[in-house]
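# Working through the structure, step by step
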Amino acid sequence: MKARALALFFLALFLFLLPLSLLPLPPLGPMGLPPLYLYLFAAWGLVLLLAYLLFRRP
């Protein structure tokens with residue numbers, strides 16, 4: 001369990017440090033939203049989903 005939690009932490013760290021490479025993208029993405037916002041919300045949702053699957057009690 002601790003190894004999976006540590007792996008989730010490093011995945012989240014990698015996902016949230018990655019947006020610095022997304023800055024030179026065009027200012028508008030799908031539906032007129034900035035790609036950085038879309039990426040951050042998708043990464044946040046993925047981390048929450050994986051944390052739920054990791055720590056839920058059967």
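Everything here concerns the structure above.
Let's shift gears to the overall build of the protein chain. A tally of helices and strands in the protein chain yields two helices and zero strands. Relative to its full complement of 58 residues, the protein chain shows a buried share of 14%.

Before going further, it helps to spend a moment on helix H2 (residues 35–55). Here H2 contains 21 residues, and its C-alpha end-to-end distance of 30 Å stays within 8% of the 30 Å for a straight helix at 1.5 Å per residue. Of all the residues in H2, the buried ones are Tyr39, Ala43, Val47 and Leu54. The arc that holds the buried residues of H2, viewed along the axis, is 65°, so those residues lie on one side. Exposed side of H2, more than 90 degrees from the buried face: Phe41, Ala42 and Tyr52 are the residues found there. At its buried positions, H2 is contacted by helix H1 (2–17).

If you look at the biggest cluster of nonpolar residues, it comprises five residues: Ala12, Leu15, Tyr39, Ala43 and Val47. Of all elements in the fold, only H1 and H2 reach the threshold of two or more residues within this core. Residues contacting Leu15, with those up to four places away along its chain left out, are Tyr39, Ala43, Leu46 and Val47.

At a closest axis distance of 10 Å, the pairing of H1 and H2 adopts a crossing angle of 175°. Here H1 lies roughly antiparallel to H2, going by the angle between them. Side by side, H1 and H2 meet where Arg4, Ala5, Leu8, Leu11, Ala12, Leu15 and Phe16 of the first sit next to Tyr39, Leu40, Ala43, Trp44, Leu46, Val47, Leu50, Ala51, Leu54 and Phe55 of the second.

Counting across every chain of the model gives two aromatic pairs. Here the aromatic rings of Phe41 and Trp44 are separated by 6.2 Å at their centres, their planes lie at 70°, and the arrangement is edge-to-face. Remark: Trp44 and Phe41 occur in helix H2; sequence separation between them is three residues, near one turn of the helix.

A cluster of nonpolar side chains, namely Leu11, Phe14, Leu18, Leu46, Leu49, Leu50, Tyr52 and Leu53, defines an oily patch on the protein surface of about 710 Å² accessible area. Taken together, the elements giving at least two residues each to the nonpolar patch come down to H1 and H2. At five residues, H2 tops the list of elements feeding residues into the nonpolar patch. When you line up the elements, Tyr52 lands in helix H2.

Rules used throughout
- Residues numbered from 1 in each chain as written.
- Predicted model: local features only at pLDDT ≥ 70, side-chain atom pairs only at ≥ 80, totals over all residues.
- Heavy atoms only, no water.
- Helix = DSSP H or I, 4+ residues; strand = E, 2+ residues; numbered from the N terminus.
- Buried < 20%, exposed > 50% of the residue type's maximum accessible area, 1.4 Å probe, protein only.
- Expected span 1.5 Å × (residues − 1).
- Arc of directions from axis to C-beta.
- Contact = heavy atoms within 4.5 Å.
- Core = buried A, V, L, I, M, F, W, Y, C linked by side-chain atoms within 4.5 Å.
- Axes fitted to C-alpha atoms, helices over the stretch in contact; angles between N-to-C directions.
- Parallel < 35°, antiparallel > 145°, perpendicular 65-115°, else oblique.
- Phe/Tyr/Trp six-rings, centres within 6.5 Å; stacked < 30°, edge-to-face > 60°.
- Patch = residues over 30% accessible without salt bridge, like charges linked within 9 Å, V, L, I, M, F, W, Y side chains within 5 Å.
- Areas by Shrake-Rupley, 256 points an atom, 1.4 Å probe, with all protein chains shown as cover.
- Salt bridge = Lys/Arg side-chain N within 4 Å of Asp/Glu carboxyl O.

These figures come from the coordinates and say nothing about function on their own.
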